[in-house]
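Spelled out, the chains give:
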Amino acid sequence: MLDESLLDSPEGLSEADHRGLLRGAAEAGARVRTAARHSAEAGINDLKPDGRPRAVLIAGPGAAATHAADLLGTLAGAGSPVTRLAPTGVAPAAGALRWELPGWVGSVDLLLITTPDGSEPGLSLLAEQAYRRGCNVVAVAPSRSPLADAVNGSHGLFVPMATAPYDQDEPLAASAPGVLWALLTPLLALLDRTGVLAAPPDALGKVADRLDRVAERCGPAIATYSNPAKTLAAELADALPIVWTEGTSAGPAGRRFAAALAELSGTPAVVAELPEALAAHSALLAGPLAASADPDDFFRDRVEEPPALHARVVLLRDRPIGGLTAAPSARDLALSHDTPISELEPEAGGELETLAELIAITDFAAVYLALASRA
């Protein structure tokens, strides 16, 4: 059950936030600026590559690497394919994970290693394997970690991860807001220099500014009725989120939102892109999860029985209404099954800015749902 009164209690939210999730969301803009500075100090802005890589591979544990690969692959398009190297192992522990390069990887490819830990022996071995293949290696991880020594010893480029003092208080969640931007920003700067995507320093500055504005709108001191993240968290209480996305960059934002809901608050969610989501989820909305699916709801004992779980559509869009869009059909389908719908659409801006806004608002929402559900 969601304690909605906690949403409007900044002190209560702070006491419940043992993992620093709200601070990570609020400081996302600062993380981008710090990470951009670390990138410049590491020499990324001075690189003069011969051309863009044939392929970009990303390795790292958990959701952080998955989200980074998804976002970078979306922004890069088909010019240089971005592929995540999934680990193998008997457990999701740092010492148990192993990564392998595909057999075709060579000197014209680029390996990116991202981790908020840096103690994984498998990543150090991967860096050495890439060095033997002649593959260029760039890693983002905490400074003074074993991975830093391995990458430097393999003549790779190491960028210290932008961290905060409280990051060491509790184990970092892979979907934590601060982790994503600390790992992603140096990779954006690097791939801009190699011509894979467009993320010049001024664009990263605009991303940081946009994240700051979202923090002002969605911070714990802002009341629920005027706070889009708190409003969304309250709407998702006792609901199964059906996340529909429209627009190229909204896709990875929606997938990250579903992953953050699962990891941070234990809320299951399904996600799909419009217009195919309408066919994929039409049976789901017509089934027992629809709000109209419980004809005996009037006679149910609301004190003794928990509320029935019903679907709620969350529509994330990265472009304004108008033109070729499936949004009206999405609304019609949801409402025809008495399924409520929440909509988020960023303010106008560049692709990186609008993507950052969608991620930031949904990050705040996932954190508020996690904190208020555990009160």
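Residues numbered from 1 in each chain as written. Predicted model: local features only at pLDDT ≥ 70, side-chain atom pairs only at ≥ 80, totals over all residues. Heavy atoms only, no water.

- Looking up the protein chain in an unreviewed UniProt entry gives the name Bifunctional phosphoglucose/phosphomannose isomerase, with the organism given as Streptomyces chartreusis NRRL 3882.
- What UniProt states about the protein chain under its Sequence similarities (unreviewed entry) heading is, verbatim, "Belongs to the PGI/PMI family." (UniProt positions renumbered as here; feature names shortened; annotations may be inferred.)

1. Some words on helix H7 (residues 146-153)
Part 1 of the reasoning: The complete set of buried residues in H7 reads Leu147, Ala148, Ala150 and Val151. Down the axis of H7, the smallest arc covering the buried residues is 165 degrees, so these residues share one side. Facing away from the buried side of H7 by over 90 degrees, the exposed positions are Asp149 and Gly153.
Part 2 of the reasoning: On the buried face of H7, the contacting elements are strand S3 (110-114), helix H6 (121-133), strand S4 (136-141) and strand S5 (157-160).
Part 3 of the reasoning: Phi turns positive, to about 60 degrees, at histidine 155, one or two residues after H7. (Buried < 20%, exposed > 50% of the residue type's maximum accessible area, 1.4 Å probe, protein only. Helix = DSSP H or I, 4+ residues; strand = E, 2+ residues; numbered from the N terminus. Arc of directions from axis to C-beta. Contact = heavy atoms within 4.5 Å.)

2. As for the layout of surface pockets
Part 1 of the reasoning: One number sums up the size of the second largest pocket: a volume of about 440 Å³.
Part 2 of the reasoning: The wall of the second largest pocket is formed by 23 residues, among which Pro49, Leu110, Asn136, Val137 and Thr194 lie closest to the centre.
Part 3 of the reasoning: It is S4 that provides the largest number of residues to the lining of the second largest pocket, a total of three residues.
Part 4 of the reasoning: A class-by-class count of the residues in the lining of the second largest pocket yields eleven nonpolar, eight polar and four charged. (1 Å grid on protein atoms, 1.4 Å probe; cavity = no way out; pocket = protein on both sides within 12 Å on 5 of 7 lines; lining within 4 Å. Points joined across faces, edges and corners; volume = space filled by probe spheres on them. Nonpolar A, V, L, I, M, F, W, Y, C, P; charged D, E, K, R; others polar.)

3. With respect to the sheet that holds S5
The strands making up a sheet associate through backbone hydrogen bonding, with each pair oriented either parallel or antiparallel.
Part 1 of the reasoning: What the five strands build is an open sheet, ordered S2-S1-S3-S4-S5; its pairing is parallel. Each end of this open sheet is capped by a strand with a single partner; those strands are strand S2 (82-85) and S5. Looking at each pair of strands side by side, their axes are set apart by 20 degrees on average, direction ignored.
Part 2 of the reasoning: Pairing of strand S1 (residues 56-59) with S3, which is carried by four bridges, proceeds in the parallel orientation. (Pairing = 2+ DSSP bridges. Axes fitted to C-alpha atoms, helices over the stretch in contact; angles between N-to-C directions.)

4. Some details on unusual backbone geometry
Part 1 of the reasoning: Omega for the bond connecting leucine 274 with proline 275 falls within 30 degrees of zero, at 5 degrees, which places this linkage in the cis form.
Part 2 of the reasoning: Even without being a glycine, aspartate 238 presents a positive backbone phi close to 60 degrees.

5. What to know about the packing of aromatic side chains
Part 1 of the reasoning: Scanning all chains against the criterion turns up one aromatic pair.
Part 2 of the reasoning: Note on phenylalanine 364 and tyrosine 368: the rings are 6.1 Å apart at their centroids and 25 degrees apart in plane angle, and the pair reads as stacked. Taken as a pair, phenylalanine 364 and tyrosine 368 lie in helix H15 (residues 351-373) at a separation of four residues, close to a single helical turn. The residues phenylalanine 364 and tyrosine 368 share a single accessibility class, namely buried. (Phe/Tyr/Trp six-rings, centres within 6.5 Å; stacked < 30°, edge-to-face > 60°.)

6. Topic: the pattern of salt bridges
Part 1 of the reasoning: Throughout the structure, instances matching the rule amount to 15 salt bridges.
Part 2 of the reasoning: With a closest N to O distance of 2.7 Å, arginine 255 and aspartate 70 form a salt bridge. A residue pair is termed long-range when its members are at least 10 positions apart, and arginine 255 in helix H11 (residues 250-265) and aspartate 70 in helix H5 (residues 62-76) qualify at 185 residues.
Part 3 of the reasoning: Of the residues examined, arginine 255 reaches a relative accessible area of 30% and is grouped as partly exposed.
Part 4 of the reasoning: One salt bridge connects arginine 255 with glutamate 273, and the closest N-O pair in it is separated by 2.9 Å. Placement of arginine 255 in helix H11 and of glutamate 273 in strand S7 (residues 270-273) is noted, with a sequence separation of 18 residues between them.
Part 5 of the reasoning: When salt bridges with common partners are traced through the structure, they connect Arg210, Arg217, Glu353 and Glu357 into a single cluster. (Salt bridge = Lys/Arg side-chain N within 4 Å of Asp/Glu carboxyl O.)

7. Observations concerning the environment of leucine 85
Part 1 of the reasoning: Mapped onto the secondary structure, leucine 85 falls in strand S2.
Part 2 of the reasoning: Separated by 27 residues in sequence, leucine 85 and isoleucine 58 place their C-alpha atoms 5.9 Å apart.
Part 3 of the reasoning: Apart from the residues lying within four places of it in its own chain, the contact partners of leucine 85 are Leu57, Ile58, Ala59, Trp99, Glu100, Leu101, Pro102, Leu111 and Leu126.

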